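Residues per chain, in single letters:
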Amino acid sequence: MSLKINLLVCLIIFHLLVAASVRGHKIGIYEIKKGDFSVKITNYGASIISVLLPDKHGKIGDVVLGYDTIEEYKNDTSYFGATLGRVANRIGGAQFTLNGIHYKLVPNEGKNMLHGGPKGFSKVVWKVSKYVKDGPWPYITLTYYSADGEEGKIGDVVLGYDTIKEYKNDTSYFGAALGRVANRIGGAQFTLNGTHYKLVANEGVNMLHGGLKGFSKVVWKVSKYVRHGPSPYITLTYYSADGEEGFPGDVLVSVTYALKDPYKLSVVFKARALNKATPINLSHHPYWNIGGHNSGDVLSQVLQIYASHITPLDKQHIPTGEISPVKNTPYDFLKPRKVGSRIDKIQNGYDINYALDSSRKMKPVAIVFDKKSGRVMDIKATAPGVQFYTANFVINTKGKGGYVYQPHSALCLETQGFPDAVNHPNFPSTIVTPGKTYLHSVLYTFSIKK
(Lines give C-alpha, C1' and ligand atoms only; values in the text may rest on other atoms or scores of the structure.)
Protein backbone atom coordinates (compact mmCIF):
# COMPACT_ATOMS: atom_id res chain seq x y z
CA MET A 1 0.00 0.00 0.00
CA SER A 2 2.87 2.35 0.76
CA LEU A 3 3.96 2.25 -2.87
CA LYS A 4 0.49 3.09 -4.14
CA ILE A 5 0.29 6.12 -1.92
CA ASN A 6 3.81 7.32 -2.66
CA LEU A 7 3.41 6.91 -6.41
CA LEU A 8 0.06 8.67 -6.20
CA VAL A 9 1.64 11.64 -4.44
CA CYS A 10 4.25 11.86 -7.21
CA LEU A 11 1.52 11.63 -9.85
CA ILE A 12 -0.48 14.28 -8.05
CA ILE A 13 2.40 16.75 -7.96
CA PHE A 14 3.09 16.13 -11.66
CA HIS A 15 -0.55 16.75 -12.57
CA LEU A 16 -0.67 19.84 -10.40
CA LEU A 17 2.21 21.30 -12.37
CA VAL A 18 1.26 20.23 -15.89
CA ALA A 19 -2.47 19.54 -15.97
CA ALA A 20 -4.29 21.57 -13.34
CA SER A 21 -5.42 24.14 -15.87
CA VAL A 22 -7.33 21.70 -18.08
CA ARG A 23 -9.83 20.88 -15.37
CA GLY A 24 -13.07 22.66 -14.74
CA HIS A 25 -14.15 23.62 -18.31
CA LYS A 26 -16.03 21.42 -20.75
CA ILE A 27 -14.39 20.85 -24.12
CA GLY A 28 -16.56 21.82 -27.06
CA ILE A 29 -16.60 22.81 -30.75
CA TYR A 30 -17.97 26.25 -31.60
CA GLU A 31 -18.91 27.58 -35.03
CA ILE A 32 -19.09 31.22 -36.03
CA LYS A 33 -20.74 31.83 -39.40
CA LYS A 34 -21.50 34.70 -41.71
CA GLY A 35 -23.12 33.75 -44.98
CA ASP A 36 -21.04 31.07 -46.68
CA PHE A 37 -17.99 31.85 -44.54
CA SER A 38 -17.70 29.54 -41.51
CA VAL A 39 -14.98 29.00 -38.92
CA LYS A 40 -14.99 26.27 -36.26
CA ILE A 41 -12.99 26.59 -33.06
CA THR A 42 -12.45 24.27 -30.12
CA ASN A 43 -11.64 25.59 -26.67
CA TYR A 44 -9.09 22.80 -26.35
CA GLY A 45 -5.96 24.77 -27.17
CA ALA A 46 -8.10 27.65 -28.50
CA SER A 47 -7.60 25.94 -31.86
CA ILE A 48 -9.07 26.68 -35.28
CA ILE A 49 -10.23 23.32 -36.62
CA SER A 50 -11.89 24.35 -39.87
CA VAL A 51 -12.25 27.37 -42.15
CA LEU A 52 -14.91 26.99 -44.86
CA LEU A 53 -15.13 29.45 -47.75
CA PRO A 54 -15.98 29.35 -51.48
CA ASP A 55 -13.59 29.12 -54.38
CA LYS A 56 -14.00 30.93 -57.75
CA HIS A 57 -16.65 28.43 -58.76
CA GLY A 58 -18.62 28.88 -55.54
CA LYS A 59 -17.57 25.49 -54.20
CA ILE A 60 -17.15 25.43 -50.43
CA GLY A 61 -13.88 24.02 -49.20
CA ASP A 62 -12.07 23.60 -45.88
CA VAL A 63 -8.71 25.37 -46.21
CA VAL A 64 -6.95 24.34 -42.96
CA LEU A 65 -5.49 20.99 -42.02
CA GLY A 66 -6.93 19.29 -38.97
CA TYR A 67 -8.61 16.26 -37.43
CA ASP A 68 -12.11 14.87 -37.07
CA THR A 69 -12.12 14.39 -33.28
CA ILE A 70 -11.02 16.19 -30.14
CA GLU A 71 -9.13 13.07 -29.08
CA GLU A 72 -6.93 13.42 -32.15
CA TYR A 73 -6.21 17.04 -31.24
CA LYS A 74 -5.19 15.90 -27.75
CA ASN A 75 -2.64 13.55 -29.32
CA ASP A 76 -1.49 16.06 -31.96
CA THR A 77 2.21 16.93 -32.19
CA SER A 78 1.96 19.31 -35.16
CA TYR A 79 0.07 22.12 -33.42
CA PHE A 80 -2.76 22.01 -36.01
CA GLY A 81 -4.67 25.26 -35.60
CA ALA A 82 -3.38 25.78 -32.07
CA THR A 83 -2.87 28.98 -30.11
CA LEU A 84 0.77 29.14 -29.03
CA GLY A 85 2.10 30.52 -25.75
CA ARG A 86 3.13 31.64 -23.18
CA VAL A 87 6.01 32.13 -25.69
CA ALA A 88 5.54 30.90 -29.27
CA ASN A 89 8.48 29.41 -31.19
CA ARG A 90 11.71 28.48 -29.43
CA ILE A 91 13.65 29.54 -26.34
CA GLY A 92 17.24 28.34 -26.50
CA GLY A 93 18.33 26.11 -23.66
CA ALA A 94 14.84 26.49 -22.16
CA GLN A 95 16.14 29.29 -19.95
CA PHE A 96 16.49 33.04 -19.65
CA THR A 97 17.42 35.76 -17.18
CA LEU A 98 15.06 38.61 -16.31
CA ASN A 99 15.64 41.38 -13.75
CA GLY A 100 18.58 39.48 -12.30
CA ILE A 101 16.64 36.23 -11.83
CA HIS A 102 17.49 33.14 -13.88
CA TYR A 103 14.52 31.05 -14.99
CA LYS A 104 14.81 27.39 -16.04
CA LEU A 105 11.88 26.23 -18.19
CA VAL A 106 10.60 22.81 -19.25
CA PRO A 107 12.37 21.69 -22.46
CA ASN A 108 10.26 19.80 -25.00
CA GLU A 109 12.49 19.86 -28.08
CA GLY A 110 15.82 18.47 -27.03
CA LYS A 111 17.27 20.96 -24.56
CA ASN A 112 15.11 23.80 -25.89
CA MET A 113 11.54 24.93 -25.30
CA LEU A 114 9.14 25.01 -28.26
CA HIS A 115 5.77 26.82 -28.29
CA GLY A 116 5.55 27.21 -24.53
CA GLY A 117 6.60 23.75 -23.35
CA PRO A 118 5.00 20.27 -23.16
CA LYS A 119 1.63 21.84 -22.38
CA GLY A 120 1.96 25.47 -23.38
CA PHE A 121 -1.35 27.07 -24.30
CA SER A 122 -2.21 24.41 -26.88
CA LYS A 123 -2.76 21.49 -24.48
CA VAL A 124 -5.10 23.24 -22.05
CA VAL A 125 -8.83 23.89 -21.97
CA TRP A 126 -9.76 27.53 -22.39
CA LYS A 127 -12.83 29.14 -20.88
CA VAL A 128 -15.49 30.31 -23.32
CA SER A 129 -16.10 33.83 -22.04
CA LYS A 130 -18.34 35.10 -24.85
CA TYR A 131 -19.93 33.38 -27.86
CA VAL A 132 -22.12 34.88 -30.57
CA LYS A 133 -22.70 32.27 -33.27
CA ASP A 134 -24.63 34.28 -35.88
CA GLY A 135 -25.70 37.82 -36.65
CA PRO A 136 -23.83 40.72 -38.20
CA TRP A 137 -20.71 40.21 -36.05
CA PRO A 138 -20.35 36.55 -34.96
CA TYR A 139 -17.42 35.96 -32.59
CA ILE A 140 -16.04 33.86 -29.74
CA THR A 141 -13.75 35.00 -26.92
CA LEU A 142 -11.66 32.40 -25.09
CA THR A 143 -9.67 33.07 -21.92
CA TYR A 144 -7.00 31.14 -20.08
CA TYR A 145 -5.29 31.78 -16.75
CA SER A 146 -1.60 30.91 -16.88
CA ALA A 147 -0.39 30.47 -13.32
CA ASP A 148 2.83 31.79 -11.84
CA GLY A 149 5.52 29.14 -12.34
CA GLU A 150 3.67 27.32 -15.11
CA GLU A 151 5.99 25.25 -17.30
CA GLY A 152 8.67 25.57 -14.65
CA LYS A 153 10.95 22.62 -13.96
CA ILE A 154 9.03 19.48 -13.02
CA GLY A 155 10.39 17.68 -9.98
CA ASP A 156 9.43 14.74 -7.78
CA VAL A 157 9.23 16.20 -4.28
CA VAL A 158 8.88 13.08 -2.11
CA LEU A 159 11.54 10.50 -1.30
CA GLY A 160 10.81 6.92 -2.28
CA TYR A 161 11.78 3.79 -4.18
CA ASP A 162 11.52 2.39 -7.70
CA THR A 163 10.04 -1.04 -6.92
CA ILE A 164 7.35 -2.72 -4.81
CA LYS A 165 9.99 -4.99 -3.28
CA GLU A 166 11.87 -2.00 -1.90
CA TYR A 167 8.69 -0.70 -0.28
CA LYS A 168 8.06 -4.10 1.29
CA ASN A 169 11.54 -4.00 2.83
CA ASP A 170 11.31 -0.32 3.81
CA THR A 171 11.88 0.63 7.46
CA SER A 172 11.53 4.40 7.06
CA TYR A 173 7.78 4.47 6.23
CA PHE A 174 8.38 6.32 2.96
CA GLY A 175 4.99 7.71 1.91
CA ALA A 176 3.11 5.28 4.15
CA ALA A 177 -0.32 5.53 5.74
CA LEU A 178 0.06 5.12 9.50
CA GLY A 179 -2.36 3.39 11.86
CA ARG A 180 -4.24 2.10 13.76
CA VAL A 181 -2.31 4.59 15.93
CA ALA A 182 0.40 6.71 14.33
CA ASN A 183 3.52 7.61 16.30
CA ARG A 184 4.37 5.93 19.61
CA ILE A 185 2.53 4.21 22.46
CA GLY A 186 4.71 3.93 25.56
CA GLY A 187 5.30 0.38 26.77
CA ALA A 188 3.07 -0.84 23.92
CA GLN A 189 0.13 -0.90 26.32
CA PHE A 190 -2.86 1.08 27.59
CA THR A 191 -5.99 0.67 29.68
CA LEU A 192 -9.44 1.49 28.30
CA ASN A 193 -12.78 1.09 30.08
CA GLY A 194 -11.14 -1.06 32.75
CA THR A 195 -9.47 -3.45 30.30
CA HIS A 196 -5.68 -3.54 29.92
CA TYR A 197 -4.43 -4.05 26.38
CA LYS A 198 -0.95 -5.29 25.57
CA LEU A 199 0.10 -4.38 22.05
CA VAL A 200 2.81 -5.64 19.70
CA ALA A 201 6.03 -3.77 20.46
CA ASN A 202 8.20 -2.94 17.44
CA GLU A 203 10.57 -0.26 18.78
CA GLY A 204 12.16 -1.69 21.88
CA VAL A 205 9.36 -2.00 24.46
CA ASN A 206 7.21 0.57 22.67
CA MET A 207 4.88 0.52 19.68
CA LEU A 208 5.62 2.75 16.68
CA HIS A 209 3.16 3.52 13.87
CA GLY A 210 0.74 0.72 14.70
CA GLY A 211 3.11 -2.21 15.24
CA LEU A 212 5.05 -4.66 13.13
CA LYS A 213 2.52 -4.51 10.32
CA GLY A 214 0.34 -1.54 11.18
CA PHE A 215 -1.47 -0.08 8.19
CA SER A 216 1.71 0.42 6.16
CA LYS A 217 2.56 -3.25 5.54
CA VAL A 218 -0.87 -4.36 4.32
CA VAL A 219 -2.63 -4.26 0.95
CA TRP A 220 -5.55 -1.82 0.83
CA LYS A 221 -8.55 -2.25 -1.44
CA VAL A 222 -8.91 0.31 -4.23
CA SER A 223 -12.57 1.26 -3.73
CA LYS A 224 -12.73 4.17 -6.18
CA TYR A 225 -10.30 5.57 -8.71
CA VAL A 226 -10.86 8.50 -11.07
CA ARG A 227 -7.60 9.31 -12.82
CA HIS A 228 -8.70 12.26 -14.97
CA GLY A 229 -11.50 14.78 -15.16
CA PRO A 230 -12.29 17.85 -13.08
CA SER A 231 -11.67 16.11 -9.72
CA PRO A 232 -9.31 13.13 -9.99
CA TYR A 233 -9.08 11.02 -6.83
CA ILE A 234 -8.45 7.59 -5.36
CA THR A 235 -10.08 6.03 -2.30
CA LEU A 236 -8.39 3.13 -0.54
CA THR A 237 -10.08 1.08 2.21
CA TYR A 238 -8.82 -1.36 4.81
CA TYR A 239 -10.57 -3.59 7.36
CA SER A 240 -8.63 -3.83 10.62
CA ALA A 241 -9.80 -6.84 12.64
CA ASP A 242 -10.37 -7.06 16.38
CA GLY A 243 -7.07 -7.99 18.05
CA GLU A 244 -4.89 -6.85 15.15
CA GLU A 245 -1.55 -5.75 16.67
CA GLY A 246 -3.34 -6.07 20.05
CA PHE A 247 -5.95 -3.33 19.46
CA PRO A 248 -9.56 -3.87 20.49
CA GLY A 249 -12.48 -3.99 18.05
CA ASP A 250 -13.04 -4.12 14.31
CA VAL A 251 -12.34 -0.89 12.43
CA LEU A 252 -13.15 0.11 8.85
CA VAL A 253 -10.70 2.67 7.49
CA SER A 254 -10.51 4.72 4.29
CA VAL A 255 -8.15 7.30 2.86
CA THR A 256 -8.97 9.50 -0.14
CA TYR A 257 -6.32 11.38 -2.09
CA ALA A 258 -7.81 14.03 -4.38
CA LEU A 259 -6.62 16.90 -6.57
CA LYS A 260 -8.27 20.24 -5.90
CA ASP A 261 -7.79 23.42 -7.91
CA PRO A 262 -5.60 25.32 -7.91
CA TYR A 263 -2.48 23.31 -7.01
CA LYS A 264 -4.05 21.52 -4.05
CA LEU A 265 -3.77 17.97 -2.75
CA SER A 266 -6.45 16.83 -0.31
CA VAL A 267 -5.96 13.81 1.96
CA VAL A 268 -8.94 12.62 4.00
CA PHE A 269 -8.81 9.76 6.51
CA LYS A 270 -12.03 8.26 7.84
CA ALA A 271 -12.55 5.39 10.27
CA ARG A 272 -15.43 3.71 12.08
CA ALA A 273 -15.14 1.60 15.22
CA LEU A 274 -17.62 -1.19 14.52
CA ASN A 275 -18.06 -2.90 17.89
CA LYS A 276 -15.61 -1.72 20.58
CA ALA A 277 -14.10 1.55 21.71
CA THR A 278 -10.55 1.81 20.40
CA PRO A 279 -7.77 4.38 19.92
CA ILE A 280 -7.50 5.68 16.34
CA ASN A 281 -4.87 8.15 15.21
CA LEU A 282 -4.30 8.04 11.47
CA SER A 283 -1.59 9.93 9.62
CA HIS A 284 0.69 9.56 6.63
CA HIS A 285 4.42 9.82 6.20
CA PRO A 286 5.59 11.51 2.99
CA TYR A 287 9.22 12.58 3.15
CA TRP A 288 9.09 16.01 1.55
CA ASN A 289 11.96 17.69 -0.23
CA ILE A 290 10.27 20.40 -2.28
CA GLY A 291 13.57 21.19 -3.94
CA GLY A 292 13.34 17.72 -5.51
CA HIS A 293 13.87 14.29 -3.96
CA ASN A 294 17.40 14.17 -5.39
CA SER A 295 18.39 17.76 -4.58
CA GLY A 296 20.35 17.09 -1.38
CA ASP A 297 19.45 18.12 2.16
CA VAL A 298 16.62 20.39 3.31
CA LEU A 299 18.63 22.41 5.82
CA SER A 300 18.44 25.60 3.75
CA GLN A 301 14.69 25.34 3.21
CA VAL A 302 12.64 27.83 5.22
CA LEU A 303 10.02 26.49 7.62
CA GLN A 304 7.26 28.05 9.66
CA ILE A 305 5.19 25.95 12.11
CA TYR A 306 2.05 27.45 13.61
CA ALA A 307 2.62 26.04 17.07
CA SER A 308 3.95 27.67 20.24
CA HIS A 309 4.16 24.41 22.25
CA ILE A 310 5.65 20.93 21.95
CA THR A 311 5.16 17.69 23.87
CA PRO A 312 8.62 16.93 25.38
CA LEU A 313 9.98 13.39 25.25
CA ASP A 314 11.79 11.00 27.56
CA LYS A 315 14.89 9.07 26.49
CA GLN A 316 12.73 6.52 24.64
CA HIS A 317 10.96 9.25 22.62
CA ILE A 318 7.74 8.84 24.62
CA PRO A 319 5.95 12.05 25.68
CA THR A 320 6.37 12.94 29.35
CA GLY A 321 2.85 14.38 29.48
CA GLU A 322 4.05 17.98 29.60
CA ILE A 323 3.11 20.59 27.03
CA SER A 324 5.97 23.08 26.94
CA PRO A 325 6.49 26.44 25.16
CA VAL A 326 8.96 26.63 22.27
CA LYS A 327 9.97 30.21 23.04
CA ASN A 328 13.74 30.62 23.44
CA THR A 329 14.37 27.03 22.29
CA PRO A 330 15.64 25.54 19.00
CA TYR A 331 12.09 24.25 18.44
CA ASP A 332 10.73 27.73 17.79
CA PHE A 333 9.55 28.02 14.17
CA LEU A 334 6.77 30.50 14.86
CA LYS A 335 8.58 32.85 12.51
CA PRO A 336 10.04 31.51 9.26
CA ARG A 337 13.58 30.25 9.64
CA LYS A 338 15.89 27.80 7.91
CA VAL A 339 15.46 24.18 8.98
CA GLY A 340 19.17 23.92 9.70
CA SER A 341 19.50 27.23 11.54
CA ARG A 342 19.62 25.56 14.97
CA ILE A 343 19.48 21.86 14.21
CA ASP A 344 22.96 21.38 15.67
CA LYS A 345 21.47 22.07 19.10
CA ILE A 346 19.15 19.04 18.77
CA GLN A 347 20.65 15.56 19.07
CA ASN A 348 20.41 13.86 15.65
CA GLY A 349 17.80 16.39 14.46
CA TYR A 350 14.12 17.20 14.89
CA ASP A 351 11.61 14.48 15.78
CA ILE A 352 8.88 15.87 18.01
CA ASN A 353 5.17 16.65 18.17
CA TYR A 354 3.99 20.25 18.03
CA ALA A 355 0.68 21.27 19.61
CA LEU A 356 -0.96 23.48 16.99
CA ASP A 357 -2.16 26.87 18.17
CA SER A 358 -5.34 27.30 16.17
CA SER A 359 -8.72 26.25 17.52
CA ARG A 360 -10.26 26.34 14.05
CA LYS A 361 -11.52 23.11 12.54
CA MET A 362 -9.07 23.40 9.61
CA LYS A 363 -5.89 24.64 11.23
CA PRO A 364 -2.84 26.26 9.68
CA VAL A 365 -0.02 23.79 10.25
CA ALA A 366 3.15 24.82 8.44
CA ILE A 367 4.68 26.48 5.38
CA VAL A 368 7.86 25.27 3.67
CA PHE A 369 9.79 27.33 1.08
CA ASP A 370 12.69 26.23 -1.10
CA LYS A 371 14.48 29.27 -2.52
CA LYS A 372 16.35 27.47 -5.30
CA SER A 373 13.27 25.91 -6.92
CA GLY A 374 10.86 28.60 -5.73
CA ARG A 375 8.41 25.94 -4.56
CA VAL A 376 6.19 26.61 -1.57
CA MET A 377 4.13 24.04 0.35
CA ASP A 378 1.38 25.21 2.71
CA ILE A 379 -0.27 22.64 5.02
CA LYS A 380 -3.60 22.84 6.83
CA ALA A 381 -5.26 20.04 8.80
CA THR A 382 -7.98 19.16 11.29
CA ALA A 383 -5.60 17.31 13.64
CA PRO A 384 -4.39 18.93 16.89
CA GLY A 385 -0.72 18.15 16.36
CA VAL A 386 2.05 17.71 13.82
CA GLN A 387 5.21 15.62 14.07
CA PHE A 388 8.22 17.44 12.65
CA TYR A 389 10.93 14.96 11.63
CA THR A 390 14.09 15.70 9.65
CA ALA A 391 14.88 12.20 8.31
CA ASN A 392 17.56 11.78 10.94
CA PHE A 393 17.98 8.04 10.45
CA VAL A 394 17.79 7.86 6.67
CA ILE A 395 21.37 6.78 6.06
CA ASN A 396 22.81 5.58 2.74
CA THR A 397 19.33 4.64 1.54
CA LYS A 398 19.16 3.94 -2.18
CA GLY A 399 16.03 5.60 -3.53
CA LYS A 400 14.36 6.54 -6.77
CA GLY A 401 16.62 6.56 -9.81
CA GLY A 402 19.46 5.15 -7.71
CA TYR A 403 19.86 8.39 -5.77
CA VAL A 404 21.26 7.76 -2.27
CA TYR A 405 19.40 9.53 0.53
CA GLN A 406 21.22 10.73 3.64
CA PRO A 407 20.19 12.27 6.99
CA HIS A 408 18.20 15.51 6.60
CA SER A 409 17.48 14.77 2.92
CA ALA A 410 13.81 15.43 3.63
CA LEU A 411 11.40 16.66 6.27
CA CYS A 412 8.18 15.10 7.47
CA LEU A 413 5.24 17.09 8.78
CA GLU A 414 2.85 14.37 9.96
CA THR A 415 -0.44 15.85 11.15
CA GLN A 416 -1.81 13.72 13.98
CA GLY A 417 -3.30 13.31 17.41
CA PHE A 418 -0.71 13.63 20.19
CA PRO A 419 1.64 10.64 20.58
CA ASP A 420 0.84 8.24 23.44
CA ALA A 421 -2.43 10.08 24.05
CA VAL A 422 -4.00 6.84 25.38
CA ASN A 423 -1.69 7.11 28.40
CA HIS A 424 -2.02 10.87 29.01
CA PRO A 425 -5.52 12.05 30.00
CA ASN A 426 -4.46 15.69 29.55
CA PHE A 427 -3.84 15.13 25.82
CA PRO A 428 -6.68 15.39 23.27
CA SER A 429 -8.45 12.02 23.25
CA THR A 430 -7.87 9.57 20.39
CA ILE A 431 -10.60 7.14 21.53
CA VAL A 432 -13.35 6.41 19.01
CA THR A 433 -16.50 4.64 20.18
CA PRO A 434 -18.89 2.53 18.08
CA GLY A 435 -21.30 4.69 16.13
CA LYS A 436 -18.82 7.57 15.93
CA THR A 437 -16.79 8.44 12.83
CA TYR A 438 -13.14 9.45 12.98
CA LEU A 439 -12.19 12.15 10.45
CA HIS A 440 -8.78 13.65 9.71
CA SER A 441 -8.39 16.01 6.75
CA VAL A 442 -5.14 17.45 5.38
CA LEU A 443 -4.81 20.03 2.61
CA TYR A 444 -1.52 20.71 0.83
CA THR A 445 -1.36 23.83 -1.32
CA PHE A 446 1.61 24.17 -3.67
CA SER A 447 2.75 27.41 -5.27
CA ILE A 448 5.77 29.14 -6.76
CA LYS A 449 7.53 32.12 -5.19
CA LYS A 450 9.90 34.04 -7.42
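These lines cover the structure that appears in this document, whether it is placed above or below. Here the structure is a predicted model, which means the values were calculated and not measured. (Residues numbered from 1 in each chain as written. Predicted model: local features only at pLDDT ≥ 70, side-chain atom pairs only at ≥ 80, totals over all residues. Heavy atoms only, no water.)

For the protein, the count of helices and strands is three helices and 34 strands. Oriented by its inertia axes, the alpha-carbon framework of the protein measures out at about 95 × 50 × 40 Å. Counting only residues that meet the buried cut, the protein has 53% of its 450 residues in that class. Long-range pairs, those at least 24 residues apart, make up 65% of the contacts in the protein between residues at least 6 apart in sequence. Looking at charge distribution, the protein has the averaged site of its 53 positive side-chain charges lying 3 Å from that of its 34 negative ones. (Helix = DSSP H or I, 4+ residues; strand = E, 2+ residues; numbered from the N terminus. Buried < 20%, exposed > 50% of the residue type's maximum accessible area, 1.4 Å probe, protein only. Contact = heavy atoms within 4.5 Å. Lys, Arg positive; Asp, Glu negative; His and termini not counted. Charge placed at Lys NZ, Arg CZ, Asp CG, Glu CD.)

Let us now look at the packing of aromatic side chains. Per the stated rule, a full pass over the model turns up 27 aromatic pairs. Ring centres of Phe174 and Tyr287 lie 4.7 Å apart, and the angle between their planes is 70 degrees; on these two criteria the pair is classed as edge-to-face. Linking Phe174 in the loop between α3 (164-168) and β11 (176-178) with Tyr287 in the loop between β21 (283-285) and β22 (302-305), this pair joins segments that are 113 residues apart in sequence. On the basis of relative accessible area, Phe174 is assigned to the buried category, the value being 0%. With relative accessibility at 2%, the residue Tyr287 sits in the buried group. Between Tyr403 and Tyr405 the ring centres are 5.8 Å apart and the planes differ by 55 degrees, which places this aromatic pair in the tilted class. (Phe/Tyr/Trp six-rings, centres within 6.5 Å; stacked < 30°, edge-to-face > 60°.)

What follows deals with the pairing of strand β28 (residues 375-381). Side-chain positions along a regular strand alternate between the two faces of the sheet. Within β28, six of the seven residues are buried, which leaves it mostly tucked inside the rest of the structure. Of the pairings in the sheet, the one linking strand β27 (residues 363-369) to β28 comprises six bridges and is antiparallel in character. Paired with Val368 across the bridge in β28 is Met377. Between β27 and β28, which pair antiparallel one after the other, the connecting turn spans five residues, and Gly374 there sits at a positive phi close to 80 degrees. Both β28 and strand β34 (residues 437-448) contribute to a ladder of seven bridges, which runs antiparallel. If you follow Arg375 over to β34, its bridge partner there is Ile448. (Pairing = 2+ DSSP bridges.)

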